[in-house]
Amino acid sequence: DKFIGLGTKTVEITGGGDPLCYPHLNKYLAHLVDYALKIGLITNGINIDTIIDKTLLNKIQWIRISANVFDYKKYIDIPTNFTGTLGFSYVWTDGISSVEILKQIQKIALANNTEYIRLVPNCLGTQEEQQQRRSEDVSTMVDAWETFASGYDPENKLGTLGYLNFPMKWVS
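The following refers to the structure shown. (Residues numbered from 1 in each chain as written. Predicted model: local features only at pLDDT ≥ 70, side-chain atom pairs only at ≥ 80, totals over all residues. Heavy atoms only, no water.)

**Some thoughts on the overall build of the protein**
When helices and strands are counted, the protein shows 6 helices and 7 strands. Beginning at the N terminus, the succession of helices and strands in the protein can be written as α-β-α-β-α-α-β-β-α-β-α-β-β. Within the span of the protein, comprising 172 residues, buried residues form 40% of the whole. For the protein, the share of sequence-separated contacts (at least 6 apart) that also reach a separation of at least 24 residues comes to 54%. (Helix = DSSP H or I, 4+ residues; strand = E, 2+ residues; numbered from the N terminus. Buried < 20%, exposed > 50% of the residue type's maximum accessible area, 1.4 Å probe, protein only. Contact = heavy atoms within 4.5 Å.)

Okay, here's the thing in structure tokens:
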């Protein structure tokens, strides 16, 4: 309530774990809606369709699904009636990530009217390790992305490269 008095207009719900695991999430969302705050949610999306109350779902302005969920799951239920901005973010991880996973993300994104896919390199490790690995990772990501998005049609939908977000119309 103090933040409202300070002029807060937007709340992004994320966490050191998935916010969908928080047992009072719907009560918290309803409280934010009562204050007419804009709401964003970062989640792995598992069970989002059954956890978030249907009356609250479209009070969320945007949802970003951490697409690394597809490193260990083939599919998640994405609400078909969500009217806000839906996007995916994927952290490229050597030894796990592949063009096949990008294609799986693309297929699910296209089927769910997703606005963007964000692709970033893994940031684990010391600063020196990250800097050394960054050029290798980005090079690998670019190669994978070019394979993934080859033949894109700018009039169609979706994508992201490195630290940039490209609209879905680029990765159909």
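**Considerations on the pattern of salt bridges**
Summed over the entire model, instances satisfying the criterion amount to 1 salt bridge. Between Lys54 and Asp49 there is a salt bridge whose closest N-O contact spans 3.8 Å. (Salt bridge = Lys/Arg side-chain N within 4 Å of Asp/Glu carboxyl O.)

**A few points about the pairing of strand 4 (residues 85–92)**
With respect to burial, strand 4 is a largely interior element, 6 of its 8 residues being buried. As defined by bridge partners, strand 4 adjoins strand 5 (residues 116–121) across 6 bridges and the pair is classed as parallel. Its bridge partner lying in strand 5, Gly87 is registered against Tyr116. With helix 5 (residues 99–111) bridging strand 4 and its parallel neighbour strand 5, the resulting β-α-β unit is right-handed. (Pairing = 2+ DSSP bridges. Right-handed = clockwise from strand over helix to strand, strands pointing away.)

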